[in-house]
Amino acid sequence: MILSALNNYYHRLVESGEDGVALFGFSQEKISYALILAENGSLVDVRDIRDTSGKKPVPTILTVPQPPKRSVNIAPCFLWDKSSYVLGVTSSEDAKSRKRAGETHRAFKDMHRELLKNCDSPALKALLAFFDWWRPEVFDESSLFSESMRDVNFVFRLDGEMEYLHECREAQLVRRSMLQQSESPSEFCLVTGERSPVALLHPSIKGVYGAQTAGASIVSFNLDAFTSYGKSQGQNAPISEQATFAYTTVLNHLLRKGSRQRLQLGDTSVVFWAETSSAVQAEAAEGLFAELLNPPATDASETDKLRPALEAVAKGRPLRDLDPELEDDTKLHVLGLAPNASRLSIRFWETGSLHSFAERLAQHYRDLELQPLPWRTEPSVWRLLLQTVPHREGSQPKSDDIPPQLAGEMTRAILTGRRYPGSLLSNLIMRMRADGDIAPLRVALCKAVLARDARIASKAKEKEIPMSLDIDNAEPGYLLGRLFAALENIQQSALGRDINATIRDRYYGAASATPASIFPVLVRNAQHHLSRLRKDKPGAAVNLEKQINEIVDKLPPSFPKSLRIEAQGRFAIGYYHQNKARFGGQESSTEEGEE
């Protein structure tokens, strides 16, 4: 399904003339310099063709003949390559590297002499003449070269011509002939169903965060343990050379730097594309999906566009009301990839209509919602994932600490509307107990997990997870969280806000996990704090004591010995609600009251 969808998308892009999508047998590569040759093969100039529009020069992306798959083998590219192949020079000075550079250069020359021996093109003849006199030592002797030219990619051009050698008509004919001379056996392709030469090695996929810089593979059979029935390499999963080229080319196109169809969520690189009748509709659908899945953290104008979309979906209005180019039934494909040594892991693969994805994303934000809202802009998956890592005082949370695979599992849950990862709630509880940071987004995630679990399990008898303070909620975990916040408020009211450590700093972990072991002590200490308050602020003392009594009256006769993980999540929600109600004025002020 994945390869078939990618293959179909590639052909749609080719038919529409999409920039940067190469035809079969070619690819987009980074090229830094062009060797300018005279007709007699002499070197006229070395032209720097890098892009200099930024702070520093970067290689230009050119469409060149597709490179062969390399590991430790010597495999030259046609009419372009890096300096060790084209010129026989490399940046490494050791004897082994120099010997290797000499071997690759000879292979480059031998291949082109064989392929171009019958060509009449002046440009291609000039290249063969260049090979006749060029020696690697000339690189150091000539003023045309510099050290920055080692180990970068070169192409060739005939002096006075505008096109590169690989672009000239006769070179294109040679390339076509090379593609037709496949030595691979023919079998029925698993993607197209047609009988054609099988790709024994699949081109590398580049651009996946954390994968090898040379690229990694989705389909690979490089050990005997992966093969069967005497088949080797790609014959174990026969995919034609053209289908292989199509899916790898379009995937590299989606993963390219600056792609609007790519998002990074933890260790998972997410790509997505829409099936529509026009490029404008596709761009509108993909843009809305990206905004819903990964809202900007600070851009107010983007947030202003996002919230009407969420409201429209929640009310069942068609997306066309937001943008005439949006169609509810537009088909979307979403693929999550993560590195796995020299291969790529499929974190998730989801296909559905734009409206269905929008509904699930809107439901995700409703599950997270607390009152008052703990965010200015809807939290992206990335911001949510950072709630699962340690929050150290004086430093920002580190993305490297995000548990492996959690990004993929979290995104899959959001896109499918299924339960959040099973480890998410326990991870959040553990983090709040360990570092004492009851951050609003952490509480929102606890609420989302519990709300979704209850909805999916259809727990009709279970009290709905509230968005704001619910004084009628008698669930023990929620009440204990409220009680803990009230006791903390008494402590701070009596001793001031600048005390070194509150009961939250010292006892939150024990109070949320084993209430019976700590709450009697906290309640007893609260009486001492109330005694002090009665002298300084008698009205506040009365209100706080009434608040404690109202909460305790709803609790069982004795404090629970322990709370299950779900109840600990409700504890965090109750604590958050009680605190926010105090600051937001939902309850009567503790500074004024009965005398």
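In this report, we go over the structure that sits alongside the text. Quick caveat, the model's predicted, so the values are computed rather than measured. Along each chain, residue indices are assigned from 1 in the same order as the chain's sequence is written. Local features are withheld for residues below a pLDDT of 70 in this predicted model, meaning they are given only at 70 or higher, and side-chain atom pairs are given and counted only at 80 or more; totals for whole chains, interfaces and linings count all residues. In computing side-chain properties, one takes all heavy atoms of the structure into account and sets aside hydrogens as well as water.

**Focus: the pattern of salt bridges**
Note on definitions: salt bridges are taken to be side-chain nitrogens of Lys or Arg within 4 Å of carboxyl oxygens of Asp or Glu. The tally for this structure, following the rule as stated, stands at 22 salt bridges. Between Glu 286 and Arg 260 there is a salt bridge whose closest N-O contact spans 2.4 Å. One end of the pair, Glu 286, is in helix α8 (residues 279–293); the other, Arg 260, is in the loop between α7 (241–255) and β9 (262–265), with 26 residues separating them in the sequence. Glu 286 gets classed as buried once you look at its relative accessible area, which sits at 2%. For Arg 260, a relative accessible area of 39% puts it in the partly exposed group. Two residues, Arg 452 and Asp 367, come together in a salt bridge whose shortest N-O distance is 3.0 Å. Residue Arg 452 is found in helix α14 (residues 440–457), and its partner Asp 367 is found in helix α10 (residues 354–368); the two are separated by 85 residues along the sequence. Considered together, Arg 452 and Asp 367 belong to a single accessibility category, that of buried residues. Salt bridges linked by common partners bring Arg 135, Glu 137 and Glu 141 together as one network. Elements are defined by DSSP. Helices are runs of H or I of four residues or more, strands are runs of E of two residues or more, and each kind is numbered from the N terminus. For every residue, the accessible area obtained with a 1.4 Å probe (protein chains only) is divided by the maximum for its type, and the residue is called buried under 20%, exposed over 50%, and partly exposed between those limits.

**Points about a positive patch on the surface**
Grouping into patches uses exposed residues only, defined as over 30% relative accessible area, and leaves out salt-bridged ones; the cut-off is 9 Å for like charges and 5 Å for nonpolar side chains (Val, Leu, Ile, Met, Phe, Trp, Tyr). Only the protein chains shown count as cover for residues, with accessible areas throughout obtained via the Shrake-Rupley method and a probe of 1.4 Å. Two residue types count as positive, namely Lys and Arg, and two as negative, namely Asp and Glu; His and chain ends fall outside the count. A single reference atom marks each charge: NZ on Lys, CZ on Arg, CG on Asp, CD on Glu. Taken together, the side chains of Lys 30, Lys 56, Lys 206 and Lys 257 make up a positively charged region of the molecular surface. Here Lys 257 lies in the loop between α7 and β9.

**Brief notes about the pairing of strand β10 (residues 268–275)**
The side chains of a regular strand alternate between the sheet's two faces. Across the 8 residues that make up β10, a large majority, 7, are buried. By the bridge criterion, 4 bridges tie β9 to β10 in an arrangement that is antiparallel. From the neighbouring strand, Arg 262 faces β10, where its bridge partner is Val 271. In this scheme, strands are said to pair when DSSP sees at least two bridges between them. Between β9 and β10, which follow one another and run antiparallel, lie 2 residues, and Gly 266 among them has a positive phi close to 65 degrees. In this sheet, strand β11 (residues 331–340) lies alongside β10 in antiparallel orientation, the contact comprising 7 bridges. Within β11, the position partnered with Glu 275 by the bridge is Lys 331.

**Remarks on unusual backbone geometry**
A negative phi angle is the norm for most residues apart from glycine, just as the trans form is the norm for most peptide bonds. With an omega of -5 degrees, the peptide bond between Gln 371 and Pro 372 qualifies as cis. When you line up the elements, Pro 372 lands in the loop between α10 and α11 (381–385). Of note, the phi angle at Asp 151 is positive, near 65 degrees, even though the residue is not glycine. Summarising the element assignment, Asp 151 is placed in the loop between α5 (138–141) and β6 (153–158). Its relative accessible area of 36% is what places Asp 151 among the partly exposed residues.

**Points about the packing of aromatic side chains**
Pairing of aromatic side chains here covers Phe, Tyr and the six-membered ring of Trp, requires ring centres within 6.5 Å, and sorts the geometry by plane angle: under 30 degrees stacked, over 60 edge-to-face, intermediate tilted. Evaluated as defined, the whole model comprises 24 aromatic pairs. Note on Phe 108 and Phe 156: the rings are 6.5 Å apart at their centroids and 25 degrees apart in plane angle, and the pair reads as stacked. Note that Phe 108 is positioned in helix α3 (residues 95–115) and Phe 156 in strand β6, a separation of 48 residues in sequence. Judged by its relative accessible area of 0%, Phe 156 is buried. Considering the side-chain rings of Phe 289 and Phe 357, the 5.6 Å spacing of their centres and the 65 degrees angle between planes classify their relative orientation as edge-to-face. Here Phe 289, found in helix α8, pairs with Phe 357, found in helix α10; they are 68 residues apart in sequence, far enough to count as distant. Judged by relative accessible area, which is 1%, Phe 289 ranks as buried. Put simply, the rings of Phe 108, Phe 130, Phe 131, Trp 133, Trp 134, Phe 139, Phe 145 and Phe 156 pair up and form one aromatic cluster.

**Comments concerning the pairing of β11**
For β11, the tally of buried residues reaches 7 of 10 residues, placing the bulk of the element in the interior. In terms of strand pairing, β11 meets strand β12 (residues 343–353) through 10 bridges, oriented antiparallel. In the sheet register, Ala 338 faces β12, and the bridge partner there is Ser 345. Taking the residues between adjacent antiparallel strands as the criterion, β11 and β12 are bridged by 2 residues, where Ala 341 takes a positive phi near 60 degrees.

**Considerations on the state of the cysteines**
Only a pair of cysteine sulfur atoms within 2.5 Å qualifies as a disulfide here. Under the defined criterion, the tally for this structure stands at 0 disulfides. Counting only cysteine sulfurs, Cys 168 is the nearest neighbor of Cys 77, a cysteine outside any disulfide, at a range of 17 Å. For Cys 77, a relative accessible area of 1% translates into the label buried.

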